[in-house]
Amino acid sequence: MRRSSSPLSLVLLGLGVFLLVLAPMLVWYVQPRAAVNPIDIDVTAVYTGTGSYFDVGEAETVHDRRITVTQRVRGDVADSERSGRAVWDIVTTVDTDASLPAADPHDALDFSTDRWVTDRATNRPAHCCDERPYHEGEAYLKFPFDVQKRPYSWWDSQLGSTVTLSYRGTEKIHGHRGYVFTGTVPPTKVGTRQVPGALVGRPGADQVLAEEWYANHGIKLVVDQATGRTLYARLGPRRTLRAPGGEKDAVVLLDVPRLTHTRATQEFAVSRAREDNARLRAVGRTVPVASAATGFVLAAGGGLLLARGGRRRPEAQDGT
């Protein structure tokens, strides 16, 4: 008697075992490496609202004017690869209808540049790579992956510090559900600025070091739970000047009670969130489940064929 094994049974068994091993590897190894901040990002978010601003030409605050804030974020791929961090450069312009479109962003009502550096997996600030200014908090341009129903410390670039945003339930943005976080900023002194004394109620002084104050009427962010991508943002920035030691605002530099993402910015964010969600589901759930199920069937089939092929068969008898 002798045993024989079918090549097909060995192939099925080997392939089945491979797929069974692959399934947990996708969940434990590949999926965490897919949930990281990108380094080649290049996105633009636009906010619009109606409010007040100080018109330098008129030397006074004008009201009921449209304000447009444009924020462009580009990844520094070279520095990101060199450091292992996500290095993003941010250019933010604040424009009125008079300065749009602007050939030079320096012609805007306000213009600023930041460099945000984060740990790609945790989204925590990584203080390297010429970061500017120094950032703190758990969230800024985005939240961490796998957002939880709890308060988060959010970096407010105008405040120069973090703001606690509280979880307020869920809301759909163009059909895609996200987590809602809200918060406010009370009037806070954020710096000083040299201005003519008459501007802040000190006509007897040629120049004074006026206090610059910042507040936010209300912050509302709707965030994709899986990726931490901001689907919708509404801010309410207010910047004013006060006389040194003053208790009241003397000049309004900028006051926009409701500055919100444009519809195009929302739609783009939602489309990208859906794409990222599908990719994360594929490597974290869909493909592993399919791999495990297929592997089990193939391994079982290969094992059954191997068992059947292994039954003893009569040896051929010489001369009979």
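Here goes a summary of the coordinates provided. The structure displayed is predicted, hence computed values, not measured ones.

1. Focus: the overall build of the protein chain
Piece 1. Broken down by element type, the protein chain carries 3 helices and 12 strands.
Piece 2. Taking all 320 residues of the protein chain together, the buried fraction comes to 42%.
Piece 3. A separation threshold of at least 6 residues defines the contact pool for the protein chain, and within that pool the share at least 24 residues apart is 59%.
Piece 4. Entry remark: accessible area of the protein chain is about 17,100 Å², with carbon and sulfur atoms responsible for 54%.

2. A look at the packing of aromatic side chains
Piece 1. This structure, assessed with the given rule, holds 7 aromatic pairs.
Piece 2. For the pair Phe 143 and Tyr 152, a centre-to-centre distance of 5.2 Å together with 65° between the ring planes defines the contact as edge-to-face. Here the two residues Phe 143 and Tyr 152 agree in accessibility, since each one is buried.
Piece 3. Here Tyr 167 and Tyr 179 contribute two aromatic rings whose centre-to-centre distance is 5.3 Å and whose plane-to-plane angle is 70°, an arrangement assigned as edge-to-face.

3. Regarding the pairing of strand 7 (residues 176-196)
Piece 1. Sheet analysis places strand 6 (residues 161-173) next to strand 7, joined by 6 bridges and oriented antiparallel. Paired with Lys 172 across the two strands is Arg 177, which belongs to strand 7.

4. Regarding the pattern of salt bridges
Piece 1. Tallied over the full model, the rule gives 21 salt bridges.
Piece 2. The partner of Asp 249 in a salt bridge is Arg 238, and the shortest N-O contact between them spans 3.1 Å. Linking Asp 249 in the loop between strand 10 (237-242) and strand 11 (251-255) with Arg 238 in strand 10, this pair joins segments that are 11 residues apart in sequence.
Piece 3. Between Arg 242 and Asp 249 there is a salt bridge, with its nearest N and O atoms 2.9 Å apart.
Piece 4. The network of salt bridges with common partners includes Asp 76, Asp 79, Arg 82, Asp 89 and Arg 115.

5. Quick look at the nonpolar core
Piece 1. Among the nonpolar cores identified, the biggest contains 27 residues, and Phe 143, Trp 154, Leu 165, Phe 181, Ile 219 and Leu 221 are the most heavily contacted of them.
Piece 2. Among the elements of the structure, strand 1 (42-55), strand 2 (60-75), strand 5 (152-156), strand 6, strand 7, strand 8 (207-223) and strand 9 (230-235) are those that each provide at least two residues to this core.
Piece 3. Of all the elements, strand 8 adds the most residues to this core, at 4 residues.
Piece 4. Apart from residues no more than four positions distant in its own chain, Ile 219 is found in contact with Trp 154, Asp 156, Val 163, Leu 165, Phe 181, Thr 182, Gly 183, Val 185, Arg 234 and Leu 235.
Piece 5. Counting residues in hydrophobic clusters, the runner-up holds 10 residues, among them Val 43, Ala 86, Ile 90 and Trp 155.

The rules we used
Residues numbered from 1 in each chain as written. Predicted model: local features only at pLDDT ≥ 70, side-chain atom pairs only at ≥ 80, totals over all residues. Heavy atoms only, no water. Helix = DSSP H or I, 4+ residues; strand = E, 2+ residues; numbered from the N terminus. Buried < 20%, exposed > 50% of the residue type's maximum accessible area, 1.4 Å probe, protein only. Contact = heavy atoms within 4.5 Å. Areas by Shrake-Rupley, 256 points an atom, 1.4 Å probe, with all protein chains shown as cover. Phe/Tyr/Trp six-rings, centres within 6.5 Å; stacked < 30°, edge-to-face > 60°. Pairing = 2+ DSSP bridges. Salt bridge = Lys/Arg side-chain N within 4 Å of Asp/Glu carboxyl O. Core = buried A, V, L, I, M, F, W, Y, C linked by side-chain atoms within 4.5 Å.

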